[in-house]
Amino acid sequence: MSSSDIFIGETIGTAVLILLGGGVCAAVTLKRSKAQNAGWLAITFGWGFAVLTGAYLAGGVSGAHLNPAVTIGLAIKGGTEWGDVPLYLGSQMLGAMIGAALVWLTYYGQFRAHLTDPEILGAQPGEEAVVDQASAPKAGPVLGIFSTGPEIRHAVQNLVTEIIATVVLVLAILTQGLNDEGNGLGTLGALVTALAVVGIGLSLGGPTGYAINPARDLGPRIVHALLPLPNKGGSDWGYAWVPVVGPLIGGAIAGGLYNVAFA
């Protein structure tokens, strides 16, 4: 496939992935959303459908990696040229940022209602609801719409959790359709990947929110930091390395395991 195919497929596919995935987080989180408080099941299935849609859109154009960890795993497996890896990763980051910005546009009114609500911001009745950005908390009140964060902040555990979850995801992708002829699953692979993401979210997502994708976490986190959201609080940059490094390590381990156990 050409460089333009990779750029177009990965940018559009990742943008749709983040638009729908971030969108379900916004729907569940924000005040004045019809889906507010719909819960973890809605989020896990929403992300699964987001993966299904993005992968189906991009599958025939770029191969629908949509995730730097998947690209690294495929490169180690030998299914992707190492020279194409930077283009894949850059396109995925761009698409993730576009998707996050589209979530903000879609829920613009709900963001404003949520971030000016005294109950959300912890102001007392009659007080002005304002967050001092200079002393903003590590994670602002809507950061979870854009990126992940741990329930228990322990760097080693959080890193290990992301590594394990990403190994499961990337192995599920690398082993699709293994049979005597070595044929893949074609477009059906998008459904298998989406179901794997749902399963990971339900089973392994509790500790960290299962980033399992560096672009999915870092791109929207940058957008959160840049957007003119009132009282948005901090972007938790002290944690931001975990959902980047963990999935990259997990993708590399999965590629190595594939070569040892399945190749």
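Residues numbered from 1 in each chain as written. Predicted model: local features only at pLDDT ≥ 70, side-chain atom pairs only at ≥ 80, totals over all residues. Heavy atoms only, no water.

Draft legend 1. Seen up close, a nonpolar patch on the surface. On the surface, F7, I8, I12, L57, V61, L94, I98, L102 and L105 cluster together to form a nonpolar patch covering roughly 730 Å² of accessible area. Contributions of two or more residues to the nonpolar patch are made by α1 (3-29), α2 (40-62) and α4 (85-106). Of all the elements, α4 adds the most residues to the nonpolar patch, at 4 residues. Mapped onto the elements of the fold, L57 is located in helix α2. Its relative accessible area of 47% is what places L57 among the partly exposed residues. (Patch = residues over 30% accessible without salt bridge, like charges linked within 9 Å, V, L, I, M, F, W, Y side chains within 5 Å. Areas by Shrake-Rupley, 256 points an atom, 1.4 Å probe, with all protein chains shown as cover. Salt bridge = Lys/Arg side-chain N within 4 Å of Asp/Glu carboxyl O. Helix = DSSP H or I, 4+ residues; strand = E, 2+ residues; numbered from the N terminus. Buried < 20%, exposed > 50% of the residue type's maximum accessible area, 1.4 Å probe, protein only.)

Draft legend 2. Broad picture of the nonpolar core. The biggest cluster of nonpolar side chains holds 37 residues, and the ones touching the most others in it are W47, F111, V142, I145, F146 and L229. Breaking this core down by element, the ones donating at least two residues are α1, α2, α4, α5 (108-115), α7 (143-146), α8 (155-174), α9 (188-204) and α10 (214-226). Among the elements that make up this core, the one with the highest residue count is α1 (7 residues). Beyond its immediate sequence surroundings of up to four residues, V142 is in contact with L30, F111, H114, L115, H224 and L229. (Core = buried A, V, L, I, M, F, W, Y, C linked by side-chain atoms within 4.5 Å. Contact = heavy atoms within 4.5 Å.)

Draft legend 3. Inspection of α10 at higher detail. Its 13 residues give α10 an end-to-end C-alpha distance of 18 Å, which sits within 8% of 18 Å, the value for a rise of 1.5 Å per residue. What α10 keeps buried is the set P214, A215, R216, D217, G219, P220, R221, V223 and H224. Check the buried side of α10 and you find it contacts α1, α2, α3 (68-77), α4, α7 and α11 (242-261). For α10, the side-chain oxygen to backbone nitrogen distance between the N-cap and A215 is 3.0 Å, and the N-cap itself is N213. (Expected span 1.5 Å × (residues − 1). Polar contact = N/O pair within 3.5 Å; in protein donor to acceptor, adjacent residues only side chain to side chain.)

Draft legend 4. Local environment of the pattern of salt bridges. Applying the stated criterion across every chain, the model contains 4 salt bridges. The closest approach of N and O atoms between K31 and D117, which form a salt bridge, is 3.9 Å. Separated by 86 residues along the polypeptide, K31 in the loop between α1 and α2 and D117 in the loop between α5 and α6 (118-121) bring together distant segments of the chain. Residue K31 shares its accessibility class with D117, and that shared class is buried. Across the pair E119 and K31 runs a salt bridge, and its minimum N-O distance is 3.9 Å. Of this pair, E119 sits in helix α6 while K31 sits in the loop between α1 and α2, and the two are 88 residues apart along the sequence. When its relative accessible area of 64% is taken as the criterion, E119 is described as exposed. The network of salt bridges with shared partners includes K31, D117 and E119.

Draft legend 5. Inspection of the packing of α3 against α8 at higher detail. Contact geometry of α3 with α8 gives a least axis separation of 10 Å together with a crossing angle of 55°. As far as their axial angle goes, α8 and α3 are oblique. The chirality of how α3 crosses α8 is right-handed. For the pair α3 and α8, the contacting residues are A69, V70, G73, L74 and K77 in the first and T166, V170, I173 and L174 in the second. Counted by class, the contact of α3 with α8 contains 6 nonpolar, 2 polar and 1 charged residues. (Axes fitted to C-alpha atoms, helices over the stretch in contact; angles between N-to-C directions. Parallel < 35°, antiparallel > 145°, perpendicular 65-115°, else oblique. Left-handed = near helix turned anticlockwise from the far one by under 90°. Nonpolar A, V, L, I, M, F, W, Y, C, P; charged D, E, K, R; others polar.)

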